[in-house]
2 protein chains.
Amino acid sequence: MSKEITSREQDYSQWYNDLVLKGGLADYSAVRGCMVIKPYGYALWENMRDVLDKMFKDTGHVNAYFPLFVPKSLFEAEEKNAEGFAKECAIVTHYRLKNDPDKPGKLMVDPEAKLEEELIVRPTSEAIIWNTYKGWIQSYRDLPLLINQWANVVRWEMRTRLFLRTAEFLWQEGHTAHATKEEAIIETEKMLHVYADFAENWMALPVIKGVKTANERFAGAEDTYCIEALMQDGKALQAGTSHFLGQNFAKAFDVKFSDKTNQLDYVWATSWGVSTRLIGGLVMAHSDDQGLILPPKIAPTQVVIVPIYKGDAEKENIDAVVNTLTAELKSLGIRVKYDDGENQRPGWKFAEYEMKGVPVRIAVGTRDLANQVVEVARRDTKEKSTISLDGISNYINNLLTEIQQNMFNKAKDYRDKHITKANTWDEFMDILDNKTGFVSAHWDGTSETEDAIKEKAKATIRCIPLNNEQEAGTCIFSGKPSSQRVLFARAY
Amino acid sequence: MSKEITSREQDYSQWYNDLVLKGGLADYSAVRGCMVIKPYGYALWENMRDVLDKMFKDTGHVNAYFPLFVPKSLFEAEEKNAEGFAKECAIVTHYRLKNDPDKPGKLMVDPEAKLEEELIVRPTSEAIIWNTYKGWIQSYRDLPLLINQWANVVRWEMRTRLFLRTAEFLWQEGHTAHATKEEAIIETEKMLHVYADFAENWMALPVIKGVKTANERFAGAEDTYCIEALMQDGKALQAGTSHFLGQNFAKAFDVKFSDKTNQLDYVWATSWGVSTRLIGGLVMAHSDDQGLILPPKIAPTQVVIVPIYKGDAEKENIDAVVNTLTAELKSLGIRVKYDDGENQRPGWKFAEYEMKGVPVRIAVGTRDLANQVVEVARRDTKEKSTISLDGISNYINNLLTEIQQNMFNKAKDYRDKHITKANTWDEFMDILDNKTGFVSAHWDGTSETEDAIKEKAKATIRCIPLNNEQEAGTCIFSGKPSSQRVLFARAY
């Protein structure tokens, strides 16, 4: 086979790259750190986007679009936010090229076309959006403002990985404005729950909802809520974040509103986002050494049908059966593809769709048809069954539901088995090095200890889980008193 | 009224800006030449995008996503394309900011973080895409490649106008690769017809399909097909283009394929795009001095219902009727909004939805309800009718169809009356200056004459219509022989 995949055991990192490249999700590009999202990967992203978009609209949000560029003077207005992103941003300084007098046919930046003020390619849009909100918000009647944007952003990362960390990525960023602190916090939490719902019920990806420590907060946030998932190599992945921004951006951009008693106050803010990074998490959480395994609910193709035949007469018989079956499946809302291409043999197609993670494959052969049956193979367990054509559409529909549930259960089972309590430093290190996964351990609550643990163990506090159990203990690192365990892990 | 609109007669250009700003479609931003697309404008764009996207998919195309940045060396590879865009592109030269030692709290571009090779923010993506296609195309089996991208692009225009000409805009760009010249030309024409279908049957915007002259071609194209629309001030607007690129990009990026006989040849290409500029055309083609008039098929809200009542008891009666009506309309797939907000009076709401161009407004009042009727107002003609509640849903559904058709007819009637033949230079100038619109005139076919006419009359050749009638004549400018008339106009 031309499309060999490195096994997970052999090289987990290479296995991941193989899946992304050979599964047709993405490709490298000529631009450092930027990827090309290929049609199959983009179709997956479209499905994810459409589901999320509906969830946002169902919770009262509307979409809008703000400029790609942030003038430097706006970018630096909220100091913590600026500090957090200053070291990794792409900066536009000129607006024209001219012919290079020394190199015929080549172009050079025209030094006379230098911008008076540099433009930052947005790494996130709080600055440009809050500068705009200033013109839109005068009174409590203008609030809440519940706006989302689907956009590309750029963060000049030094070490990049397809989907997981790229210089440019696609995402959505919600930016809301509220009259009260309480309402903004409710919004922040609401969107975290939306993200968790999406991850678990659509991506089959179990997540832990929690709050970040001060060290790990979004630059400019008062509080960062997150959902944390676990990959098959025992490393954690931050899958989405929702930030309570307090009045930081309102103060930086002077956005005040008059309340019902005509008092002026700064507006309260949230922002929240998920990105194409989720696709990386999806790949790493579910797939195996034969290729991708995609959850039916968001898979671009849910069912693929492959004919097995010799000669035109057999093909015609199969076509007739498949046409009926395809129509039935489509009427149930199932995304089905009939691959009767003649350039490739059935065995090649089987391997190809296994690689691409299509949840269900139906093979329709002449001998089977004589018995009014077909062979149904599910991608998650690789089980094959001989199924009667009578009632097969409902069978397939139920099977897709079962696969979705099974994928979630399997990932949850793995994740649950990889949350381990550590009570001493040695236990802590042993778990990180050998068992891997999340380590639930006491921490004294200081940034210094957190930094020291990160330095020594290469593990970070992924989150303080929501509704965390309060329990007296001593910090695994400093030995100082602690009131609760937090979740550590090595992470992407 | 706080939202006064300049009339078309008073100042057409200001009228347009008023509609865009006060109709809630877009806003100016802090970034030179870039706009904010507001929620109402973005909802309109989403509807347009979804229809187009389905049309592209129905014609066999898939979506993908390519990087925002184009390295300078790729940008300059296709010389004509590079020359066409070099003077209006945003250039990223650095990747990091640092604290400004002279200005505490301010940032400056870090001179040590200069890119080895500058990156151009894509003004169009042929270069980055054809550089990618090189890796995807080896054999005729890999063709055709039918890919579309929804993206933002940046062209550093000196004079910008909301939607019509902005430094950053949203668009889609199709980029296809073919084994033969014939197939590529068929694709170019097919997509032009898709655009015309969309403009006429969804936007109610009649268009003329044609081919651009060499002067007006896309930089790097062998042929540019276009659809041209007419605005209410008699100026033309290029509403979409589809380019036959020949083998220019394949040669620039060395993209060859082996055909069935194992011969190597360069791949044939097309590209085609429409953008948020269409929204500008939509506004200018249909609206009036009271506000926007949106075609029902793409209007974010098709029907708005406003209650007229005194006291809670009356409101409850109205609510009961409206809830039933709303459910009925929704079951017909109609986008309906019930505005029972208490902050504004009915008269204010009437003006607001007139401004926003909602196609149908239903006023539900207590007195009318006693007679089992409501008042229905259509935005396009401003006619009001008293309509029985019995069967009203179907009435509204039909009315929406009628409004859509009426808007198209009205625009087409205006357009048809504004295609005028000129046989002398004086006639030509008189039409341009007074009657306005398209002028159908003989042209000698040379770029020199075209340039001279543009210089003297500020009019360009909008297109040579498809299937243009061949007719011997003499050029209105040079007096030289001509074989056909072409369409001139002043244009946006």
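Treat the numbers as computed from the prediction; the structure is a model and nothing was measured. Position numbers for residues count from 1 along each chain, tracking the sequence in the order it is written. Chains carry letters and ligands carry numbers; both start at the beginning, A for chains and 1 for ligands, and go up in the order they are written. Given that this is a predicted model, residues contribute local features only at a pLDDT of at least 70 and side-chain atom pairs are listed and counted only at 80 or more, while totals for whole chains, interfaces and linings are drawn from all residues.

As summarised here, the arrangement of the six strands in space is 4(A)-8(A)-5(A)-5(B)-8(B)-4(B), forming an open sheet in which the pairing is antiparallel. Whereas interior strands pair on both sides, the edge strands pair on one side only; in this sheet they are strand 4 (69-71) of chain A together with strand 4 (69-71) of chain B. With direction set aside, neighbouring strand axes in the sheet form an average angle of 45 degrees. Bridging between strand 4 of chain A and strand 8 (residues 114-121) of chain A involves three bridges; their strand directions are antiparallel. By the bridge assignment for strand 8 of chain A, V70 of chain A is matched with I120 of chain A. Following DSSP output, two strands are said to pair if at least two bridges run between them. Each helix corresponds to a stretch of at least 4 residues labelled H or I by DSSP, and each strand to a stretch of at least 2 residues labelled E; elements are numbered beginning at the N terminus. Here, axes are lines fitted to C-alpha atoms. For helices the fit covers the stretch in contact, and angles between N-to-C directions go from 0 to 180 degrees.

Let's shift gears to the relation of the copies chain A and chain B. Laying chain A over chain B is done by rotating through 180 degrees and shifting 0.0 Å along the axis; what remains is an RMSD of 0.0 Å. Classification of the inter-copy transformation places it as that of a two-fold axis. Of the C-alpha atoms belonging to chain A, the one lying closest to the rotation axis is found on V92 of chain A, 2.1 Å away. Same-surface contact between copies: 100% of interface residues of chain A are shared with the interface of chain B. Alignment of the copies relies on least squares applied to C-alpha atoms, considering only residues that score at least 70 for pLDDT in both. In this description, a residue-residue contact is defined by the distance between C-beta atoms placed from the backbone, which must lie within 7 Å.

Another point: the sheet that holds strand 17 (residues 303-308) of chain A. Residues and elements named next belong to chain A. On the basis of which strands lie adjacent, the open sheet formed by five strands has the order 18-17-19-20-21 and mixed pairing. Of all strands in the sheet, those with a lone pairing partner are strand 18 (336-338) and strand 21 (384-388), marking the two edges. Neighbour to neighbour, the strand axes of the sheet diverge by 25 degrees on average, direction disregarded. With five bridges connecting them, strand 20 (residues 373-378) and strand 21 associate as antiparallel partners. Bridge pairing links V376 to S385 in strand 21.

Listed by partner, the interface residues are 56 residues for chain A and 56 residues for chain B. Amino acid classes used here: Ala, Val, Leu, Ile, Met, Phe, Trp, Tyr, Cys and Pro are nonpolar; Asp, Glu, Lys and Arg are charged; the rest, including Gly, are polar. Per-class residue counts for the side of chain A that touches chain B are 34 nonpolar, nine polar and 13 charged. As paired strands, strand 5 (residues 91-94) of chain A and strand 5 (residues 91-94) of chain B are joined by three bridges and run antiparallel to one another. Residue pairing in the sheet places V92 of chain A in a bridge with V92 of chain B of strand 5 of chain B.

The next thing to look at is the confidence of the model for chain A. For every residue, the predictor reports its confidence as pLDDT, a number between 0 and 100. Mean pLDDT for chain A: 97, with 99% of residues reaching 70 or above. Reported confidences for the modelled complex are a pTM of 0.97 and an ipTM of 0.97.

Domain parsing of chain A yields domain 1 (24-71 + 127-286), domain 2 (303-399) and domain 3 (419-489). Between domain 1 of chain A and domain 2 of chain A, the C-alpha centre-to-centre distance is 40 Å. The source of the domain bounds is an automatic or database domain assignment.

Turning our eyes to something else, we now look at the environment of F408 of chain B. Residues and elements named next belong to chain B. Looking at the secondary structure, you find F408 in helix 12 (residues 392-417). Labels follow a simple rule on C-beta atoms placed from the backbone: if 20 or more others lie within 10 Å of a residue's own, it is buried; if 12 or fewer, it is exposed; otherwise it is partly exposed. C-beta crowding within 10 Å serves as the criterion here: with 20 such atoms nearby, F408 is assigned to the buried category. Spatially, the C-alpha atoms of F408 and W202 are 9.3 Å apart, while their sequence positions differ by 206 residues. If we skip the residues at most four places from it in the chain, F408 touches E200, A204 and P206.

This part takes up helix 8 (residues 277-286) of chain B. In an α-helix, one turn spans 3.6 residues; hence positions three or four apart end up facing the same way. Of all ten residues in helix 8 of chain B, ten are buried, a share of seventy percent or more. Every buried residue of helix 8 of chain B is listed here: R277, L278, I279, G280, G281, L282, V283, M284, A285 and H286 of chain B.

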